[in-house]
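For reference, the chains in residue letters:
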Amino acid sequence: MNKILAMILAGGRVNELNVLTLFRPKSAVPFGGMFRIIDFPLSNLMYSRIERVGILLQYRSSSLITHISNGASWDMVGRNRGAFILPPYKAASSSTWYKGTADAIYQNFDFIDEFDPELVLILSGDHIYRMDYTPLIEYHQSKNADLTAVFTPVDISSAHRFGIAQIDNEDNETGGRLIDYQEKPANPISSWASLTIYLFKTSVLKKRLNEIGQENSSFEFGRDIIPRMINNYRVYGYKFYGYWGYTRTINEFWRANMDTLGDSPKIDIENWGIRTNLDHRSIRDRIPTVITSSASINNSLVAHGCHIEGDVNNSILFPGITVEKGAVINNSILMFDSIVGEGSILDNVISDTDVKIGQYSNIGYADDKDLDDHALTVLGRNCEIPSDVRIGRNCTISPNIKPQNFKTKSILSGETI
Amino acid sequence: MDQILAMLLAGGVGSRLNVLARLRAKPAVPFGGIYRIIDFTLSNIVNSGIFKAGILTQYKPYSLMKHIGTGVPWDFIGRKRTVKILPPATGEKYSDWYKGTADAITQNISFIRSHHPKYTLILSGDHIYYMNYISMVNFHILKNADITVGMMKVPMENANQFGIGVADSEHRIIGWEEKPPQPKSDLASMGIYVFNTDFLFHILNENYGTDFGQHIIPNTLKTYRVFAFPFTGYWQDVGTIQAYWETNMDILKSTTKLNLQNWKIRTNVEEEDMETDRSPSYIGRNARIKNSLISSNCIIEGHVVNSILSPGVRVKQNATIKDSIIMHDTIINENSEVDYVILDKNIKIGVNCMIGTGELTTSNIKNPDHLRSGISIIGKGCTIPDNMRIGRNCVIYPNVIHFNSDYITCGATIESAI
């Protein structure tokens, strides 16, 4: 579709994801055994035949730039196809960081103008979901809408975390006109939460950004654009009923990963057809996984290039994980090129890339019985855990921590190194 | 090394690989889960720092052409790099199939000429090994040789399968016999040759013969400087089903010298008609896997022991795979047992089947020499109905889906529905 251009906001960090987003934006966080979160919207675009996309960066973008490369992984190379990385830039007059999602689009409007699309589809690079955008586009056009935003039903108790809309019954299950919209309301008027997917008529988007851009305060689609369009424009809500992984907290991130496991997983990675960049971290050049006679694995996702001699249960192993003899891994996520030494035990651990764990250490050790079973311990990138230590639950080990940084052999639950 | 051009002879029929090589050339036969046999030679070329190669095809080249693609997986892309598929062509002078290895090179001489390399390295795409060809070229230069042949010691009882040379203490070849019934030495040719390109052109112009092993080497060694480069590493000719199975299993041995990781073997993981990437493998709650190589995108709910699984293999509940090689996207359904079997790609095994079962009473009746240890092979795309039993040393040709009996006895070959 030549008349549509997609823009992905991929620069956000998300504090609650802790050390996982210290060196990369959330969209570049590894997920599901070999993917990055941004692979989900990119694959969705590919299957929706939207083949031109601008990707807006801001926070620590190098791993994302490597990952996107020229977009070939998502079939976005060709005469009228392309994935374009848009870093923040210094302008002649003003040069500030983006003041919000709308500002990010506003500051890159000359990129949009170059393509002169009829429609601009604005996506977040942070969410895990499978969606064909084609029915959304068709709905938008059939309503001659100026803006169509996508909403999904959430539990009312968590509705205060989202942009919440009241949608009329014009088209029942499909969607309807937006009657009201409130950003993160204390008392939510409905349980329809915004997926932060916005489809705009380009002319209307440009007009609204230019008008509001002058005001120079915060500049967000949710807070500043949508509520002020409801009365004067044709703003519609399109309803989405599929799986949606918001993953704003460590716990949500862990749960969404666990949703890839089981006999009929909620996130069916294979059937969703998610693609990734196989050159990033040389996924394509790794050998098949070796499972020795001493290994035992169940209900786990195991990528290639692993070497497993120990026990792995309900866990997700990215490429290049070595699990030595007698090591036990339960309910954990181990990202790229890490080693779990002989006899070490991991429970409810999220371990970032390039981590080395010594022998006979116990991480996620239940020393505090009051903590719930899913209190997670997070190991930062490139850290090295010595042998024979005990680390409790809810602990954080910062990136690049080395054995000499450990003053004691026992880290209590809730501590941070 | 800009001065070296590699010419890879990849046209072999591989008839002793039986149904595995029925729809593809031998170098394109899958190996080690995700690889094809030719990946070893291609990776050796690039890992030796040689970035120009021509690949000569002849027999069923389609899988091979798809696999090589643009050469990206082996890093053949760049201004001074190239990998080209050279199919047989009818020309004014030549309009026949290749009459031998030297004839194949002769017919592609213009490709060599266009790259004007100082040395031409002639390789075969049929072997599993790791070798730095630069040390062989350096040996060639040091010896001031006209031809250098890569050679290694093999067990005497196997020597009759190879070109066998006799070398003096300076490694100069002074005698040569091709596949001799009574070998005079155990020094076997690996089918690897380094030529000074000018000398190669000269030799091919004279009437020395159409095959390097059969004619050129024996006919030139008296007049020219022909040397044996002594190779001592791991090298396997996977030309027979038995050798193919054993070499695959070598990957699983902790003592093996076959080390995919250290050898830096690259392959092309892109497959046609695959819209998605192969996702990580899922290992279910009742799965049990011992001493096996598991590629991506498998779903394993049953038992896998001492086996090699390519991408996309499905092993359902209570199914058991033992001592077997299972290729891409093959499905083994509930309660079926697969023992000492090679299953090619896209095979469906029904429920309650026993594949590779019963006593070993006879060799394969059609191919008694090549299939006698008990391995059964099922060709690409077969569907094996529920409750079927297939004995040992059996061969099922590709795409067979109807069987008239639910028991295939030891040694039988099924070519089509009977």
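Our subject is the structure that appears above.
Notes on the structure in this doc start here. (Residues numbered from 1 in each chain as written. Chains lettered and ligands numbered in written order. Predicted model: local features only at pLDDT ≥ 70, side-chain atom pairs only at ≥ 80, totals over all residues. Heavy atoms only, no water.)

**Here we look at the overall build of chain A**
Regarding its fold elements, chain A presents nine helices and 32 strands. Taking 2.2 N^0.38 as the reference for a compact globule, 417 residues should give roughly 22 Å; the C-alpha atoms of chain A span a radius of gyration of 23 Å, in line with that estimate. Going through the 417 residues of chain A one by one, you find that 59% of them count as buried. In chain A, 60% of the contacts between residues at least 6 apart in sequence involve partners at least 24 apart. When the accessible surface of chain A is summed, it comes to about 15,800 Å², and 45% of that surface belongs to carbon and sulfur atoms. Seen as two clouds, the 41 positive and the 48 negative side-chain charges of chain A have centres 4 Å apart. (Helix = DSSP H or I, 4+ residues; strand = E, 2+ residues; numbered from the N terminus. Rg over C-alpha atoms; globule rule 2.2 N^0.38 Å. Buried < 20%, exposed > 50% of the residue type's maximum accessible area, 1.4 Å probe, protein only. Contact = heavy atoms within 4.5 Å. Areas by Shrake-Rupley, 256 points an atom, 1.4 Å probe, with all protein chains shown as cover. Lys, Arg positive; Asp, Glu negative; His and termini not counted. Charge placed at Lys NZ, Arg CZ, Asp CG, Glu CD.)

**Overview of the interface of chain B and chain A**
Often, the extent of an interface is quoted as the loss of accessible area on bringing the components together. With 34 residues of chain B in contact, the opposing surface of chain A contributes 36 residues. In total, about 2,900 Å² of surface goes out of reach between chain B and chain A, with carbon and sulfur atoms giving 50% of it. There are two salt bridges connecting chain B and chain A. When the shortest N-O distance is used, the salt bridge between Asp285(A) and Arg266(B) registers 3.5 Å. On inspection of chain B and its partner chain A, the count reaches 14 residue pairs in polar contact (both at pLDDT 80 or more). Counting residues per element, the ones that place at least two in the side of chain B that touches chain A are α9 (260-263), β14 (281-283), β15 (288-290) and β16 (292-294) of chain B. Considering only residue class, the side of chain B that touches chain A consists of 14 nonpolar, 11 polar and nine charged. Direction of pairing for strand β16 (residues 300-302) of chain A relative to β14(B): antiparallel, over a ladder of three bridges. (Buried area = accessible area lost by both parts, 1.4 Å probe. Salt bridge = Lys/Arg side-chain N within 4 Å of Asp/Glu carboxyl O. Polar contact = N/O pair within 3.5 Å; in protein donor to acceptor, adjacent residues only side chain to side chain. Nonpolar A, V, L, I, M, F, W, Y, C, P; charged D, E, K, R; others polar. Pairing = 2+ DSSP bridges.)

**A closer look at the sheet that holds strand β30 (residues 390-391) of chain A**
Overall, parallel pairing links the seven strands, which are arranged β15-β18-β21-β24-β27-β30-β32 (chain A) in an open sheet. One side of each edge strand has no neighbouring strand; the edge strands of this open sheet are β15 (296-298) and β32 (410-411) of chain A.

**Some thoughts on the packing of aromatic side chains**
Summed over the entire model, instances satisfying the criterion amount to 34 aromatic pairs over all chains. Relative to Tyr246(A), the ring of Phe162(A) has its centre 4.6 Å away and its plane inclined at 55°; by these criteria the two rings are tilted. Residue Phe162(A) is located in the loop between β8 (147-153) and β9 (163-167), and its partner Tyr246(A) is located in the loop between β13 (244-245) and α8 (250-258); the two are separated by 84 residues in the primary sequence. Seen from their ring centres, Tyr130(B) and Trp263(B) are 6.0 Å apart, and the 25° between their planes marks the pair as stacked. You can see Tyr130(B) sitting in the loop between β7 (127-129) and α5 (133-142) and its partner Trp263(B) sitting in helix α9, a full 133 residues away along the chain. Put simply, the rings of Phe31(B), Tyr35(B), Phe40(B), Tyr130(B), Tyr234(B), Tyr244(B) and Trp263(B) pair up and form one aromatic cluster. (Phe/Tyr/Trp six-rings, centres within 6.5 Å; stacked < 30°, edge-to-face > 60°.)

**Looking at the nonpolar core**
Ile385(A), Tyr244(B), Ile342(B), Ile378(B) and Ile384(B) are the most contacted members of the largest nonpolar core, which has 98 residues in total. Top contributing element to this core by residue count: helix α8 (residues 241-250) of chain B, with four residues. Ignoring sequence-local partners within four residues, the contact set of Tyr244(B) consists of Leu17(B), Leu20(B), Val29(B), Pro30(B), Phe31(B), Val238(B), Ile325(B), Met327(B) and Ile342(B). Counting residues in each nonpolar core, the second largest holds 43 residues, with Leu42(A), Tyr47(A), Ala145(A) and Leu199(A) among its members. (Core = buried A, V, L, I, M, F, W, Y, C linked by side-chain atoms within 4.5 Å.)

**Topic: helix α7 (residues 212-220) of chain B**
Residues and elements named next belong to chain B. Within α7, burial applies to Phe212, Gly213, Ile216, Ile217 and Thr220. In an axial view of α7, the angular spread of the buried residues amounts to 105°, which keeps them on one side of the axis. With a side-chain oxygen positioned 3.2 Å from the backbone nitrogen of Gly213, the residue opening α7 is Asp211. (Arc of directions from axis to C-beta.)

**Quick word on the environment of Met388(B)**
All names here are of chain B. Here Met388 shows up in the loop between β29 (383-384) and β30 (389-390). As for Met388 and Tyr407, which are separated by 19 residues in sequence, their C-alpha atoms are 6.1 Å apart. Those residues in contact with Met388, other than ones at most four positions away along the chain, are Asn352, Cys353, Met354, Phe403, Ser405, Asp406 and Ile408.

**Here's the deal with the side chain of Ser73(A)**
Residues and elements named next belong to chain A. Here Ser73 lies in the loop between α2 (62-68) and β5 (82-86). Among the residues examined, Ser73 registers a relative accessible area of 15% and is labelled buried. Apart from the residues lying within four places of it in its own chain, the contact partners of Ser73 are Arg275, Thr276, Asn277 and Leu278.

**Things to note about the pattern of salt bridges**
All names here are of chain A. For the structure on display, the rule yields 29 salt bridges over all chains. Between Arg281 and Asp354 there is a salt bridge whose closest N-O contact spans 2.5 Å. Of this pair, Arg281 sits in the loop between α9 (269-272) and β14 (289-291) while Asp354 is found in the loop between β25 (349-351) and β26 (356-357), placing the two residues 73 residues apart along the sequence. By relative accessible area, which is 25% here, Arg281 ends up partly exposed. According to the relative accessible area criterion, Asp354 is partly exposed, its value standing at 27%. Counted as one network, the salt bridges with shared partners bring together Arg281, Arg286, Asp337 and Asp354.

**Concerning the state of the cysteines**
Using the criterion set out here, one finds zero disulfides over all chains in the structure. We note that Cys395(A) lacks a disulfide partner, and the nearest cysteine sulfur, in Cys383(A), lies 12 Å from it. Cys395(A) sits in the buried class, given a relative accessible area of 1%. Sulfur of Cys394(B): no disulfide; nearest cysteine sulfur belongs to Cys410(B) and is 6.2 Å away. (Disulfide = S-S within 2.5 Å.)

**Points about the pairing of strand β4 (residues 52-56) of chain A**
Residue and element names in this part refer to chain A. With five of five residues buried, β4 is to be regarded as a mostly interior element. Burial along β4 is two-sided: the residues Arg52, Gly54 and Leu56 and Val53 and Ile55 are all buried. As judged from the four bridges shared by strand β1 (residues 4-9) and β4, these two strands associate in the parallel manner. Bridged to Ile8 within β4 is Ile55. Pairing between β4 and β5: five bridges, direction parallel.

**Some points on unusual backbone geometry**
Negative phi is the rule for most residues except glycine; trans is the rule for most peptide bonds. Despite not being glycine, Lys184(A) has its phi angle at roughly 40°, a positive value. As for its position among the elements, Lys184(A) is in the loop between β10 (175-183) and β11 (192-201). Here Lys184(A) falls in the partly exposed class, since its relative accessible area comes to 47%. With a phi close to 50°, Lys264(B) is a non-glycine residue in the positive phi region. Its location among the elements puts Lys264(B) in the loop between α9 and β14. Residue class for Lys264(B) comes out partly exposed when judged on its relative accessible area of 46%.

Just geometry here; none of it tells us what the structure is for.
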